[in-house]
Amino acid sequence: MIQPFDDSYFMKKALQEAEIALEKGEIPVGAVIVVDNRIIARGHNLTETLNDVTAHAEMQAITAAANFLGGKYLQKCTLYVTLEPCQMCAGALYWSQISNIVYGARDEERGCINLNTKLHPKTIIKGGVLENEASALLKRFFIEKRNLN
C-alpha cells in the first residue's frame with residue numbers, strides 16, 4: 001500500500017504555485033487539487049496576466065481538475081490553497097462539491113469563514129497548514145509592491 005502524503009507535502013506544492021504567481025507580479029496565491037494522493041490540477045493567481053478578476057488560483061485549479069476528471073464535480077478531491085478562499089471561490093467550490101479544502105493563511109478581510117460563506121454541507125475545511133510560509137510570501141509581495149510605488 002502506498003503511504004499517503006500529509007497536508008504539508010501538498011501545501012508545499014501549492015506554495016510553489018504561489019511562487020510562480022509572485023514571479024509574474026501576481027498576488028502570490030497557489031493551489032493544487034489532489035485525488036487519491038495524486039495532484040490532478042494546479043493553479044495560481046492570473047488576474048493581472050489575464051486581466052480577469054475571476055482568475056484566482058482556486059478557479060484555475062477547479063477548471064483544470066474538472067477537465068482532468070471529465071466532469072464538473074470534485075467529490076473525493078482535496079483543494080490545497082495558500083490563502084483562505086474568498087466568497088467567489090467558495091461559491092465555485094460549493095458548486096463543485098469538493099470534499100476537502102485545506103488552506104494556509106487566513107484572509108481576515110475577504111475570507112469565506114469570516115464572511116460566513118456557505119460551503120457544501122459535505123465539505124470539510126481545515127486551515128493553518130504552513131500558515132507562516134504562506135503569510136510570509138503574501139507580506140513579501142505587498143512590501144515589494146509598496147516600495148515600487
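Residues numbered from 1 in each chain as written. Predicted model: local features only at pLDDT ≥ 70, side-chain atom pairs only at ≥ 80, totals over all residues. Heavy atoms only, no water.

Looking up the chain in an unreviewed UniProt entry gives the name tRNA-specific adenosine deaminase, with the organism given as Siansivirga zeaxanthinifaciens CC-SAMT-1. Taken directly from UniProt, the Subunit (unreviewed entry) text for the chain runs: "Homodimer." (UniProt positions renumbered as here; feature names shortened; annotations may be inferred.)

K.L.:
It is not clear to me how the packing of helix H3 (residues 57–69) against helix H4 (residues 87–96) should be interpreted in this structure. Could you clarify?
P.N.:
When two helices pack together, their arrangement is given by the angle between their axes and by how far apart the axes lie. One way to put it is that H3 packs onto H4 with a least axis distance of 9 Å and a crossing angle of 20°. By the angle class used here, H3 and H4 are roughly parallel. Along this stretch, H3 crosses H4, giving a crossing that reads as left-handed. The residues of H4 that touch H3, namely those facing Glu58, Met59 and Ile62, are Met88, Cys89, Ala92 and Leu93. Taken together, the residues of the contact of H3 with H4 break down into 6 nonpolar, no polar and 1 charged. (Axes fitted to C-alpha atoms, helices over the stretch in contact; angles between N-to-C directions. Helix = DSSP H or I, 4+ residues; strand = E, 2+ residues; numbered from the N terminus. Parallel < 35°, antiparallel > 145°, perpendicular 65-115°, else oblique. Left-handed = near helix turned anticlockwise from the far one by under 90°. Contact = heavy atoms within 4.5 Å. Nonpolar A, V, L, I, M, F, W, Y, C, P; charged D, E, K, R; others polar.)

K.L.:
Looking at this structure, I do not really get the layout of surface pockets. What am I missing?
P.N.:
Its boundaries defined by the atoms lining it, the largest pocket holds a volume of some 440 Å³. Lining the largest pocket are 18 residues, and of these Ile27, Val29, Leu83, Asp107 and Arg110 sit closest to its centre. Elements with a contribution of two residues or more to the lining of the largest pocket: H3 and helix H5 (131–148). Across the lining of the largest pocket, the residue classes tally to 8 nonpolar, 3 polar and 7 charged. (1 Å grid on protein atoms, 1.4 Å probe; cavity = no way out; pocket = protein on both sides within 12 Å on 5 of 7 lines; lining within 4 Å. Points joined across faces, edges and corners; volume = space filled by probe spheres on them.)

K.L.:
What's the story with helix H1 (residues 7–23) in this structure? I'm lost.
P.N.:
When the terminal C-alpha atoms of H1 are compared, their 25 Å separation across 17 residues agrees well with the 24 Å that a helix rising 1.5 Å per residue should span. Those residues of H1 lying buried are Asp7, Phe10, Met11, Ala14, Leu15, Glu17, Ala18, Ala21 and Leu22. Take H1 and look down its axis: the buried residues cluster within an arc of 160°, on one side only. Phi for glycine 25, located one or two positions after H1, is positive at around 80°. (Expected span 1.5 Å × (residues − 1). Buried < 20%, exposed > 50% of the residue type's maximum accessible area, 1.4 Å probe, protein only. Arc of directions from axis to C-beta.)

K.L.:
It is not clear to me how the UniProt feature "active site" (unreviewed entry) in the chain should be interpreted in this structure. Could you clarify?
P.N.:
According to UniProt, the positions carrying the feature "active site" (unreviewed entry) are Glu58. Tracing the backbone shows glutamate 58 in helix H3. The residues contacting glutamate 58, other than those within four sequence positions of it, are Ala31, Leu79, Val81, Leu83, Pro85, Cys86 and Cys89.

K.L.:
Explanation requested: the packing of aromatic side chains in the structure shown.
P.N.:
For the structure on display, the rule yields 4 aromatic pairs. When the centroid spacing of 5.0 Å and the interplanar angle of 85° are considered together, the rings of tyrosine 9 and phenylalanine 10 count as edge-to-face. Ring geometry for phenylalanine 141 against phenylalanine 142: centres 4.9 Å apart, planes inclined by 80°, an arrangement best described as edge-to-face. For phenylalanine 141, a relative accessible area of 8% corresponds to the buried category. (Phe/Tyr/Trp six-rings, centres within 6.5 Å; stacked < 30°, edge-to-face > 60°.)

K.L.:
Can you help me understand H4 in this one?
P.N.:
Think of an α-helix as 3.6 residues a turn; residues three or four steps apart then line up on the same face. For H4, the full list of buried residues reads Cys89, Ala90, Leu93 and Ser96. Angularly, the buried residues of H4 cover 120° about the axis, an arc narrow enough to put them on a single face. Lining the buried residues of H4 we find H3, strand E3 (77–83) and strand E4 (100–105). Of the residues trailing H4, glutamine 97 is marked for its positive phi of about 60°.

K.L.:
Quick question: what am I supposed to make of the environment of glutamate 26 here?
P.N.:
Mapped onto the elements, glutamate 26 comes out in the loop between H1 and strand E1 (30–35). Sequence separation between glutamate 26 and aspartate 52 is 26 residues, and the spatial gap between their C-alpha atoms is 12 Å. Contacts of glutamate 26, omitting those with residues within four sequence positions, involve Ala21, Asn45, Leu46, Thr47, Glu48, Thr49 and Phe141. Side-chain polar atoms of glutamate 26 contact the backbone nitrogen of threonine 47, separated by 3.1 Å. A polar side-chain atom of glutamate 26 sits 3.0 Å from the main-chain amide nitrogen of glutamate 48. (Polar contact = N/O pair within 3.5 Å; in protein donor to acceptor, adjacent residues only side chain to side chain.)

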